[in-house]
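Listed below, chain by chain, are the residues.
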There are 2 protein chains.
Amino acid sequence: VSDVEAHLAANFPAYVEELKAFCRIPSVSTDPARKADVLRAATFVVERLRRAGFENVEKVATAGHPVVFGEWCKAPDAPTIVVYGHYDVQPPDPLDKWVTPPFEADVRDDRLYARGASDDKGPLLIPILVAEAFLTLRGTLPLNVKVLIEGEEESGSPHFATAVASLRNKLGCDLVVSADGAMWRADLPSLTIASRGMAALDLTVTGAAKDLHSGRHGGSAPNPVRALAAVLASFHDADGRVAVEGFLDGAVPPDPRIREAIAAVGFDAGRYFDEVGAPRPEPLPDGETLLTRQWLEPTLELNGIFGGYTGPGTKTVIPASATAKITCRLIAGQRPDHVFAAIRSHVAAHLPSGFSFEFSRHGPGTTAFALDPELPALAVLEDILGEISGRKPLRVAMGATVPIGTVFKEQLGAPTVFFSFSTSDEDYHAPNEFFRLKSFRDGLVAWARAYEALGRRIK
Amino acid sequence: VSDVEAHLAANFPAYVEELKAFCRIPSVSTDPARKADVLRAATFVVERLRRAGFENVEKVATAGHPVVFGEWCKAPDAPTIVVYGHYDVQPPDPLDKWVTPPFEADVRDDRLYARGASDDKGPLLIPILVAEAFLTLRGTLPLNVKVLIEGEEESGSPHFATAVASLRNKLGCDLVVSADGAMWRADLPSLTIASRGMAALDLTVTGAAKDLHSGRHGGSAPNPVRALAAVLASFHDADGRVAVEGFLDGAVPPDPRIREAIAAVGFDAGRYFDEVGAPRPEPLPDGETLLTRQWLEPTLELNGIFGGYTGPGTKTVIPASATAKITCRLIAGQRPDHVFAAIRSHVAAHLPSGFSFEFSRHGPGTTAFALDPELPALAVLEDILGEISGRKPLRVAMGATVPIGTVFKEQLGAPTVFFSFSTSDEDYHAPNEFFRLKSFRDGLVAWARAYEALGRRIK
């Protein structure tokens, strides 16, 4: 055990108190009423960075909540990393489902229960505490560390790319290490090396110019709900895979080690459907197929639909229009522009005659994120996780879209590795979010070793 | 010209003033803020009936707005009719589209513009004014007349069947003559002899127990919008006809003269699509086909749909459920119970595995209305219309559901003929509703002749 690890262990009870204080700030970024609290959380991070020994610490204003920046760059011959995290949290609703209030921070069974404890206040505090330990004991760090902590991750990071662009000159680095993300399972260490991209759109089908009376016109007038249903029903094949011609153009195969991970995880399809509360389909797909589709296949998902009368009782109307809200999750190699065009052509080909449609994109879309499997930093972090857990870590993919990987790649030219000690079962978007204190302890050791190892070999 | 017709013509300017006064009462039955005005309109009818010479005139309370009853039954050897109409009106919105305010009652180009002028205040006033003329000139009527004017027709007549049932002993009659309804075209007299029935339901498809994140779960979790779309897309064949097995069971062919009317009407399909503001489908169906579907074929219409996120922008959710609101228009012989069962079986057969559904009926449904083509009263009224217009009247069907025909048949055992002088182009559910004063004049003559002719031959 190194001096740093011994110091971290000795101070652990104080760290828990600090995390509790951090978690008591209700920094809900989507709630305008919490604006002052969100700012208070940013101030907490600023002060903690300064106390740890970081320099040039500042709140960087954005059109929304500020980004916090700090750096320690006194190792001119060593590599440089940017540490990413976020100080904002999800809304705590429904409040009545919490065993203890979401912003009270209660420790039970070696877990800290609070909104934001796992996502991302606990995990982001770790690299700061570790840096402080190095600077306290040795007066130096094994590598240069820049810290960038945002306050709008739970609102979709609307101003983050702009903030990174404006800080580009300060953020030069060899690698971004994200303290946000999640391990797949508590007993199975994992590193996320791929996540899906996104293309979002609304599709509106129109028949008549206004709503018509269904008694007077029923049978003769065009019904856009029926036409939209026909188009939506044509988007997938019987197995539920996207059946849009050209949709998969350019897609590249994933790192083969992700397929190994899918086999190793032992995903239980029946249990999955039970957990989400859905009827088990017949025939039941096997777990590997299901997890492959969640991690490695693109989707065309219908997020919402509306049209005509949607209130109680009956209104005998033939709607003028109906709209589907759609998002696609993309895999590596799919280009959002091409995906939009393929869907648009598919709609034009499948819409029954007698209707018009409007196709409106929400933004340019996001390409998928995929890390080079040969990246040395990946092997370094895998070794560390393996040492601490005694198990070989998995290389996993995420179904969700993590835009920061793409932002950092585009703005800084640097790859992003995910090294969070959050675990995906810690209810971070639900009541009773918690952070395992064992993960907190393991994370401190892991980041201490990561600073040293990455200082020696990063690319 | 009879004494009665001469009297009606001489008094016509005064009748127009009376109708204007009636139309100035904003009796919008669906608007709780108009409750006092609706009552005021009921009082107007009560007083007008008394002044005309009707007896036992009263407001009959219901759980909603009152029904007005009155009778003149002093011709013991003559037949008896019930005259039906409604004193309530549609809401006037959008107000800014009216050339003159909806409750001002302005005469332009021999038309009276006001909300309710055509539907149904003008047409219902006619049989009252005609009865008054007979009683003034002759002290008697050619037949017994009972008048029943409701105040909730534009709200779907929720309490009308109950009111008729409670008045059953007073309403004994040989025939109901409705002053509500509409002629097909101003230059083409018509009698409505059939209208479609109704079966209404909501269909909700459920996947998971709650909304899921589409990044985390997309590809593995069931999407009920997709499943609902698949079911909805299976309800019709490529021609748009209902493809639900058993849906048409029991349906009986219509009066052949309705098919003659469809041919005679010269329905222009291209102009129809232009008028409703929809793209013309290719190939364009011919007009007879289209009107046959509107009048004589049943429908399964999607009145509304909703599920998941329906706000602006994007929310990456896999909805837990999605709902379609459905009404079917039924033709003679279709039983609502059987139709509900057929649709339910179809849904069960076409819903993909891995979903559940809920099927909720709105009430028991309404059977279609179809008049016996041999009913003598029909021929009597046809002859009168033919005399006045110089053209042979058409026997037409309505796509809409007219529940009063069924109510009167079930409660009183009497058939209902529609003898309204409203015309279907008079914008009675839109801004700038008007009533042709020519129709008002023709209607007075026609009802005068009808009282005499029906007094001689009714069944």
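Residues numbered from 1 in each chain as written. Chains lettered and ligands numbered in written order. Predicted model: local features only at pLDDT ≥ 70, side-chain atom pairs only at ≥ 80, totals over all residues. Heavy atoms only, no water.

Q: An account of the relation of the copies chain A and chain B is needed here, citing residue identities and associated values.
A: With an RMSD of 0.1 Å, the fit of chain A onto chain B corresponds to turning through 180° and sliding 0.0 Å along the axis. Overall, the copies show the geometry of a two-fold rotation axis. In this assembly, 100% of the residues forming the interface of chain A have copies in chain B that are likewise at the interface, indicating an isologous arrangement. (Least-squares fit on C-alpha atoms with pLDDT ≥ 70 in both. Contact = heavy atoms within 4.5 Å.)

Q: Give a description of the pairing of strand E6 (residues 144-150) of chain B that names residues and reports values.
A: Residues and elements named next belong to chain B. Where burial is concerned, most of E6 is hidden: seven out of the seven residues are buried. What you see with E6 is no split at all: Asn144, Lys146, Leu148 and Glu150 on one side and Val145, Val147 and Ile149 on the other are buried throughout. Where strand E2 (residues 67-72) lies against E6, five bridges are found, and the strand directions are antiparallel. In the strand pairing of E6, Gly70 is matched with Val147. Here seven bridges tie strand E3 (residues 80-86) to E6, and the two strands are oriented parallel to one another. The residue of E6 that forms the bridge with Val83 is Val147. (Buried < 20%, exposed > 50% of the residue type's maximum accessible area, 1.4 Å probe, protein only. Helix = DSSP H or I, 4+ residues; strand = E, 2+ residues; numbered from the N terminus. Pairing = 2+ DSSP bridges.)

Q: Account for helix H13 (residues 403-412) of chain B, naming residues and giving values.
A: All names here are of chain B. Along H13, seven of the ten residues are buried, which leaves the element largely enclosed by surrounding structure. For H13, the full list of buried residues reads Ile404, Gly405, Thr406, Val407, Phe408, Gln411 and Leu412. Taken together, the buried residues of H13 touch E3, E6, helix H5 (160-166), strand E7 (175-178), strand E15 (369-370) and strand E17 (416-418). Gly413 lies just past H13 and shows a positive phi near 70°.

Q: Which residues make up the nonpolar core, and what values do they have?
A: Residues and elements named next belong to chain A. Grouped together as the largest cluster of nonpolar side chains are 119 residues, with contacts concentrated most on Trp295, Phe419, Phe440 and Tyr451. The element that contributes the greatest number of residues to this core is helix H4 (residues 117-138), accounting for eleven residues. Not counting residues within four places of it along the chain, the set of residues in contact with Phe419 comprises Val177, Ser178, Ala179, Leu191, Leu381, Ile384, Leu385, Ala446, Trp447 and Ala450. (Core = buried A, V, L, I, M, F, W, Y, C linked by side-chain atoms within 4.5 Å.)

Q: I'd like a description of the interface of chain A and chain B, backed by residues and values.
A: Each partner contributes to the interface: chain A provides 72 residues, whereas chain B provides 72 residues. The contact between chain A and chain B buries some 5200 Å² in all, and 57% of this surface belongs to carbon and sulfur atoms. Viewed at the interface, chain B and chain A are joined by 37 residue pairs in polar contact (both at pLDDT 80 or more). No other element matches strand E11 (residues 299-308) of chain A, which puts nine residues into the side of chain A that touches chain B. Of the residues belonging to the side of chain A that touches chain B, the class tally is 30 nonpolar, 29 polar and 13 charged. One ladder, built from five bridges, connects E11 of chain A with strand E11 (residues 299-308) of chain B; its direction is antiparallel. Note that in E11 of chain B the partner of Phe306 of chain A across the bridge is Phe306 of chain B. (Buried area = accessible area lost by both parts, 1.4 Å probe. Polar contact = N/O pair within 3.5 Å; in protein donor to acceptor, adjacent residues only side chain to side chain. Nonpolar A, V, L, I, M, F, W, Y, C, P; charged D, E, K, R; others polar.)

Q: Could you give an account of the packing of aromatic side chains, with specific residues and numbers?
A: Geometrically, a pair of aromatic rings is defined through the distance of the ring centres and the angle of the planes. Taken as a whole, this structure holds 30 aromatic pairs over all chains when the rule is applied. Ring centres 5.3 Å apart and planes at 85° place the aromatic pair Phe419 of chain A and Phe421 of chain A in the edge-to-face group. The class of Phe419 of chain A is buried, set by a relative accessible area of 1%. Between Tyr113 of chain B and Phe434 of chain B, the ring centres sit 5.4 Å apart and the planes meet at 40°, which makes this aromatic pair tilted. Placement of Tyr113 of chain B in strand E5 (residues 111-113) and of Phe434 of chain B in strand E18 (residues 434-436) is noted, with a sequence separation of 321 residues between them. Each member of the pair, Tyr113 of chain B together with Phe434 of chain B, is buried. Feature note: the residues Phe134, Phe419, Phe421, Trp447 and Tyr451 of chain A constitute an aromatic cluster, connected by ring pairs. (Phe/Tyr/Trp six-rings, centres within 6.5 Å; stacked < 30°, edge-to-face > 60°.)

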